[in-house]
Amino acid sequence: MPFFPFIYYLCIVKKQTNNNCRTKNLHSRHIMFPKEIYINRRQKLSKALDGGFLLFIGNRNAAFNYPSNEYAFRQDSTFLYLFGIDEPDFAAVIADGETTIYADDVTMDDIIWMGPQKSVADKAAEAGISHTKRRNDIATDVAKAIRSGRAVHFIPPYRGETIIELSELTGIPTANVKQSYSAELVKALVALRSQKEPCEIEELERHQTIGYNMHVTAMKMAAEGRTEKEIHAAIDYQSMLGGGSVAFPTICSVSGQTLHNHTYNNILRNGQMLLVDAGSDSPLHYATDHTRTTPVGGRFTQKQKEIYQIVLNANNAVADNSKPGVRYLDMHLLAARTIADGLISLGIMKGTAEEAVSRGAHALFFPHGIGHMMGLDVHDMENYNEDLVGYDEKTKRSSQFGLSSLRLGRELKPGFVVTDEPGIYFIPELIDKWQAEGLFKDIINYDILKQYRSFGGIRLEDDLLVTDSGCRILGKRIPITIEEVEALH
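J.: Any chance you could explain the overall build of the protein chain here in plain terms?
T.: Along the backbone of the protein chain there are 18 helices and 15 strands. For 489 residues, the compact-globule estimate of 2.2 N^0.38 gives 23 Å, and the protein chain sits close to it at 24 Å. Here the protein chain holds 489 residues, and the buried ones make up 54% of them. Look at the contacts in the protein chain between residues 6 or more apart in sequence, and 72% of them connect residues 24 or more apart. About 20,800 Å² of surface is accessible on the protein chain, with carbon and sulfur atoms providing 52% of the total.

J.: Looking at this structure, I do not really get a nonpolar patch on the surface. What am I missing?
T.: Residues Met108, Ile111, Ile112, Trp113 and Met114 make up a contiguous nonpolar surface patch of roughly 610 Å² in combined accessible area. Tracing the chain through its elements places Ile112 in helix H4 (residues 108-114).

J.: Got a minute to help me understand unusual backbone geometry in this structure?
T.: Excluding glycine, a negative phi dihedral is what most residues carry, and trans is how most peptide bonds are arranged. One non-glycine residue, Asp96, adopts positive backbone phi at about 55°. Within the secondary structure, Asp96 sits in the loop between strand E4 (91-95) and strand E5 (98-102). Residue Asp96 is classed as exposed on the basis of its relative accessible area, which comes to 60%. You will see that Phe440, though not glycine, has its phi angle at about 55°, which is positive. Among the structural elements, Phe440 can be located in the loop between helix H16 (428-436) and helix H17 (446-449).

J.: In this structure, what is going on with the pattern of salt bridges? I would like to understand it.
T.: Close approach of charged atoms allows side chains with opposite charge to pair. Tallied over the entire structure, the rule returns 35 salt bridges. With its nearest N and O atoms 2.8 Å apart, the salt bridge here joins Asp462 to Arg292. Linking Asp462 in strand E14 (residues 462-466) with Arg292 in strand E10 (residues 290-295), this pair joins segments that are 170 residues apart in sequence. Taking the shortest distance from any N to any O, the salt bridge between Asp330 and Arg327 comes out at 3.1 Å. On the basis of relative accessible area, Asp330 is assigned to the partly exposed category, the value being 30%. Among the charged side chains, a network of salt bridges with common partners joins Glu382, Glu386, Asp387, Arg397 and Arg407.

J.: What should I look at first to understand the sheet that holds strand E15 (residues 471-473) in this one?
T.: Hydrogen bonds along the backbone pair up the strands of a sheet, which may run parallel or antiparallel. Read across the open sheet, the three strands follow the order E11-E14-E15; overall the sheet is antiparallel. Looking at strand neighbours, the two that pair on one side only are strand E11 (417-420) and E15, the edges of this open sheet. Neighbour to neighbour, the strand axes of the sheet diverge by 35° on average, direction disregarded. For E14 and E15, the ladder comprises three bridges, and the chain directions are antiparallel. Each bridged residue has a counterpart across the sheet, and for Leu464 the counterpart in E15 is Ile473.

J.: Hey, could you run me through the environment of Tyr81 in this one?
T.: Looking at the element boundaries, Tyr81 is found in helix H3 (residues 77-83). Among the residues examined, Tyr81 registers a relative accessible area of 2% and is labelled buried. Separated by 112 residues in the primary sequence, Tyr81 and Arg193 have C-alpha atoms spaced 8.3 Å apart. Excluding anything up to four places from it in sequence, Tyr81 contacts Tyr38, Arg41, Leu192, Arg193, Glu197, Glu200 and Leu376.

J.: How should I be thinking about the environment of Asn316 in this particular structure?
T.: Assignment of secondary structure puts Asn316 in helix H12 (residues 302-321). Through-space distance from the C-alpha of Asn316 to that of Cys252 is 23 Å; in sequence the pair is 64 residues apart. At 3.0 Å, the side chain of Asn316 and the side chain of Arg477 are in polar contact.

J.: For this particular structure, what's the right way to read the pairing of E5?
T.: Here is the key point about a regular strand: its side chains alternate between the two faces of the sheet. Summarising burial for E5: four of the five residues are buried, a large majority. Bridge analysis of E4 against E5 gives five bridges, and the strand direction is antiparallel. Among the inter-strand pairings, Ala92 is bridged to a residue of E5, identified as Ile101. As consecutive antiparallel partners, E4 and E5 are separated by two residues, and within that stretch Asp96 has a phi angle of approximately 55°, a positive value. In terms of strand pairing, E5 meets strand E6 (residues 131-133) through three bridges, oriented parallel. Across the sheet, the residue bridging to Ile101 is Thr132, located in E6.

J.: Please clarify how the packing of helix H6 (residues 137-147) against helix H7 (residues 160-170) should be interpreted in this entry.
T.: Between two packed helices, the angle of one axis relative to the other and the distance separating the axes together describe the packing. At their nearest, the axes of H6 and H7 sit 9 Å apart, and the two run at 50° to each other. With respect to their mutual orientation, H6 and H7 come out oblique. Of the residues in H7, those touching H6 at Ile138, Ala139, Val142 and Ile146 are Glu165, Leu169 and Thr170. Partitioning the contact of H6 with H7 into residue classes produces five nonpolar, one polar and one charged.

J.: Honestly, the packing of aromatic side chains in this entry has me stumped. Any pointers?
T.: Aromatic rings considered in pairs are described by the distance between their centres and by the relative angle of their planes. By the definition in use, this model includes twelve aromatic pairs. Between the aromatic rings of Phe365 and Phe426, the centroid separation amounts to 5.7 Å while the plane-to-plane angle is 65°, which identifies the pairing as edge-to-face. With Phe365 in the loop between helix H14 (353-359) and helix H15 (386-390) and Phe426 in the loop between strand E12 (423-425) and H16, this residue pair connects regions lying 61 residues apart in the sequence. Assigned by exposure class, Phe365 and Phe426 land together as buried. Chaining the aromatic ring pairs together yields one cluster made of Phe365, Phe426, Tyr452 and Phe455. The ring centre of Tyr81 lies 5.7 Å from the NZ or CZ of Arg193, which sits over that ring. Positioned above the aromatic ring of Tyr452, the side-chain terminus of Lys303 is 4.7 Å from the ring centre.

J.: So what exactly am I meant to see when it comes to the sheet that holds E10 here?
T.: Taken in spatial order, the three strands of this open sheet run E8-E9-E10, and their pairing is antiparallel. The open sheet has two edge strands, strand E8 (251-253) and E10, and neither has a second partner. Each adjacent strand pair in this sheet contributes to an overall mean axis angle of 10°, direction not counted. The pairing of strand E9 (residues 273-278) with E10 spans six bridges and is classified as antiparallel. Along E10, the bridge assignment pairs Asp277 with Thr291. Sheet strands in contact with helix H11 (residues 228-241) are E8 and E9, and its direction is about 150° off that of E8.

What counts, and where the lines are drawn
- Residue positions are counted from 1 within each chain, in the order its sequence is given.
- Per-residue local features of the predicted model are confined to residues with pLDDT of at least 70, and side-chain atom pairs are confined, for both listing and counting, to 80 or more; whole-chain, interface and lining totals are unaffected and use all residues.
- Computation of side-chain values: all heavy atoms of the structure, hydrogens and water removed.
- Put simply, DSSP marks the helices as runs of H or I at least four residues long and the strands as runs of E at least two long, and each gets a number from the N terminus on.
- Radius of gyration: over C-alpha atoms. The globule rule applied is 2.2 Å multiplied by the number of residues raised to the 0.38 power.
- Residue exposure (1.4 Å probe, protein chains only): buried if accessible area is under 20% of the type maximum, exposed if over 50%, otherwise partly exposed.
- The criterion used for residue contact is that any of the two residues' heavy atoms lie within 4.5 Å.
- Method for areas: the Shrake-Rupley scheme with a 1.4 Å probe, in which residue coverage is limited to the protein chains shown.
- Note that patches include only residues with greater than 30% relative accessible area and no salt bridge, and the join distances are 9 Å for like charges and 5 Å for nonpolar side chains (Val, Leu, Ile, Met, Phe, Trp, Tyr).
- Think of a salt bridge as a Lys or Arg side-chain nitrogen and an Asp or Glu carboxyl oxygen that are within 4 Å of each other.
- Any two strands between which DSSP finds at least two bridges are classified as paired.
- Note on definitions: angles span 0 to 180 degrees between N-to-C directions of axes, and those axes are lines fitted to C-alpha atoms, for helices only across the stretch in contact.
- Under the rule applied, a polar contact is a pair of N or O atoms within 3.5 Å (in protein, one hydrogen donor and one hydrogen acceptor; residues adjacent in sequence only if both atoms are side-chain atoms).
- When an angle is under 35 degrees it counts as roughly parallel; over 145 it counts as roughly antiparallel; between 65 and 115 it counts as roughly perpendicular; any other value is oblique.
- We call Asp, Glu, Lys and Arg charged. Ala, Val, Leu, Ile, Met, Phe, Trp, Tyr, Cys and Pro are nonpolar, and the rest, Gly among them, are polar.
- Whether two aromatic rings pair depends on their centres lying within 6.5 Å, for rings of Phe, Tyr and Trp, where Trp uses its six-membered ring; planes under 30 degrees apart make the pair stacked, over 60 edge-to-face, and the rest tilted.
- Put simply, a charge is over a ring when the Lys NZ or the Arg CZ is close to the ring centre, within 6 Å, and near the line of the ring normal, within 35 degrees.

As far as function goes, none of this settles anything; it's purely spatial.
Written as structure tokens, this is what we have:
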């Protein structure tokens, strides 16, 4: 990658040849797909809801520690998907075949502090919308719809200020707003957003370069005496160079057995492994999500090689077998059996992989799901309802420990973008609990397991695009084999 990654990013956007997916406004505050993309999405949604009254509240700025010191703004992903307007304090209604944007034009005070801004009408026009009203007018229009007996459809809110506004608009008590969302609207949105359009795939693929740089930077820095903090900073810096923020709080830890470790206080020592789970939010807010585990100092021990290869085998098995019509639940179980087989070969487990997985004994080492949807959200659409996104009438969520954490179980379709992230973890507290309770004594060799109490954890994650006949890894694959990882040092 050239020294100036963001300039490179802009260049490849401009060189893009597919007119239907070409982005624009590269030098304005935000960029968008062509307006036809958003028009088509809204038409499909309106048709699916048979002309219902659909209410969408965009995100507002949020104060960090006092009113004028704000967090970096992140627009609601549904609002981005349907309207493309990456600005705070917008709302929208789709009703009777017409879309209305509700927002206020900036004041002179805003211009003094932020510079010239486009009008609301101009911003709406870029999304193919000609009807705009003042932000407060939305209350009048929602009240009119309710008086006429129309159902007001909205998605589940996840921010307190949105809950309050929806309560004020609809009259639903704040305590009941979350569960009063429209399941019909959510199902229609999930159907639309699950299979990515060509423009979305191009954006996801393009930004994979930034994810690659983030992880290779971290892998090269995994050396004796380095701190988690400085590596974490370097990872996030690479994401910023790519024109976007991080897609989620970066996990960068030598305590890889803790699945979501967001502390960065350790100094790296030879013999440890550094687990990094990190992703970048593209300028259009499409995510990358990868995990790599690297030996500090660049060389795996024999035990580390053995466990690492088992995880890599599971990762490759999922990539080799994922295709349309296959349930991701079955890919999870394939990964679980691969992990159990490998642990049996090392004497850590006993019996057969089939029995270990069917009874859930493998979850001591693999207590999470194989992956999730990815797109505008790193866990795509999970603000709606995780079961409506990841499951359907054919596939229901299990209650078994470990398997119950699988976010995506339903059949894969072309255009799905999913993560493939098996792992093996040695969690001393969980091991002690299971041993004290006498769980799976016939399957788990607790005596041999003592040798791995301080091992940590290994996770390996790639982003997969489901194609018409199989799947492929998005972007250039980040070094992952033992030989590739060791060659970086």
